[in-house]
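Examining the three-dimensional arrangement
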Amino acid sequence: MNEYEQTTRELIRFIEKSPSSYHVIENFASLLKEHGFEALSENDGWELFPGHDYFVTRGQSSLIAFRVPEQAFENFQITAAHSDSPTFRIKENPEISVQSRYVQLNVEKYGGMLCAPWFDRPLSVAGRAMVRCGNVLESRLVNFDRDLCMIPSLAIHMNREANSGTDYKIQRDLLPLIGAEGSEGSFLSMIAEQLKVPENDILSYDLSLYNRVPGTIWGIRNEFFSCGKLDDLMCAWSAVTALMDGVNDRSICVAAIFDNEEVGSRTMQGADSTFLSDTLERISICLGKNHQEHLMAIASSFMISADNAHAVHPHFPEKSDPTNRPGMNHGPVIKFNAAQKYTSTAASAALFREICAAAGVPCQTFVNHSDMPGGSTLGNLANAHVSLHTVDIGMAQLAMHSPYETAGVKDTLYLVQALVTFYRTHVDCRDDAFTIG
Ligand code: CO
């Protein structure tokens, strides 16, 4: 196995044990602790020491990790990505008996997903539940970690139009089958059994479906790999991995992983919250900067907003821009948009290109086809709370927002290498000139 495949396998292992954004953050937290990062709480006062590494979480599903240099810091060098992916959220009172034959789970959609690939594959349920422990309401992670439900297609014999495009209705078409008649009332008791608490102590939950199909590397030369949640765990895992390997003696290096990007980021822990601005300000205060010095640090800071990008599709090349056609295994993709849904400017793109060159990593560009609106991401939302020079990038992938996405085997290591170089290289941003090193 070469180094690219090794890194890809590590990413796949991480994704497979992280079936919800709560698990993503818990697994990042243990990884960071293993590497000597200390856990901070927003509820407590912080005392930060030079040469130490820290992380803080919000809402159990977002995390900001950072490394403090030995000497006084000048600015922040940040990578941001997201912990969530489109899925189906389990509603309250979830069980529905149908046709005296089946029990279904009542779900609603979380984010804008491709519906078709959710059919006819083993699914399970994960997230968290709130448990009453005396006068304390405790959050506990839940993962059934077994093939538990399935969304069955209607046979072609019963719908001859099935291959002519389907208008999926979530409430009619996408409710997963979880058991046969007689299994009503089991859902809460299964959670109780897993958490080893009485059923009536479970007060509520945040649970979602996830795809159980294992990730795999494939292709004539093992060029590609497929797995759930590549958008955006490919970038989130790379950011945290790079931070553990990248330290800077003049900048605070930061990896910020936000939940709820797929539903607009406007939650207490989303990119459109105060989480990043609060954390950066608190770091400055704890390390002795006054308000003006904090603003000076922000002004010279740089952020890489990393969220996956679309590779040119083999069947639909006309959907891509004619001159900017990202390919898998061709390195990070810088995203541009005239309407500024992406934060990249000539200045921030130029800096990122130089970083990739220094890392020996190829780099490419994405712009929407001019007649297609395209997606959005978290960089510009985070910028509304703490405004700093930012570039939007991502790794080229196919089938974005399917529960089984495809990307290039070389690209995870390319991104880790680019981000390690970014963290290790001091950059100083001024409106008319960026200084590297
Ligand atoms: Co994304």
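Our subject in this report is the structure included herewith. (Residues numbered from 1 in each chain as written. Predicted model: local features only at pLDDT ≥ 70, side-chain atom pairs only at ≥ 80, totals over all residues. Heavy atoms only, no water.)

The next subject is the coordination of the cobalt ion. Listed as protein donors to the cobalt ion are His82 (NE2), Asp231 (OD), Asp307 (OD) and Asp307 (OD); their distances from the metal cover 2.0 to 2.8 Å. Considering all 4 donor atoms around the cobalt ion, angles at the metal cover 52 to 140 degrees and the coordination shape is irregular. Look at where the donors of the cobalt ion fall in the sequence and you get H-x148-D-x75-D. Of this pair, His82 sits in strand 4 (residues 75-82) while Asp307 sits in the loop between strand 14 (302-306) and strand 15 (309-310), and the two are 225 residues apart along the sequence. For the pair His82 and Asp307, one class covers both residues: buried. (Donors = N, O, S within 2.8 Å, 3.2 Å for Na, K, Ca; no water. Tetrahedral: all angles 85-135°; square planar, octahedral: opposite > 155°, others 65-115°. Helix = DSSP H or I, 4+ residues; strand = E, 2+ residues; numbered from the N terminus. Buried < 20%, exposed > 50% of the residue type's maximum accessible area, 1.4 Å probe, protein only.)

Our next topic: helix 6 (residues 275-286). Taking 1.5 Å per residue as the helical rise, helix 6 with its 12 residues ought to reach 16 Å, and the 16 Å between its terminal C-alpha atoms agrees with that figure. Of the residues making up helix 6, those classed as buried are Phe275, Leu276, Ser277, Thr279, Leu280, Ile283 and Ser284. In the stretch just after helix 6, Gly288 is the one whose phi turns positive, near 85 degrees. (Expected span 1.5 Å × (residues − 1).)

This part takes up the nonpolar core. Formed by 60 residues in total, the largest nonpolar core has its most connected members in Phe28, Leu32, Phe225, Ile257, Phe302, Ile304 and Ile393. Of the residues forming this core, the biggest block, 11 residues, is contributed by helix 5 (residues 230-245). For Phe28, the contacting residues outside a window of four places in its chain are Phe14, Leu63, Ala236, Trp237, Val240 and Ile257. Core analysis: the second largest hydrophobic core is formed by 30 residues, Val107, Val125, Val142 and Phe144 among them. (Core = buried A, V, L, I, M, F, W, Y, C linked by side-chain atoms within 4.5 Å. Contact = heavy atoms within 4.5 Å.)

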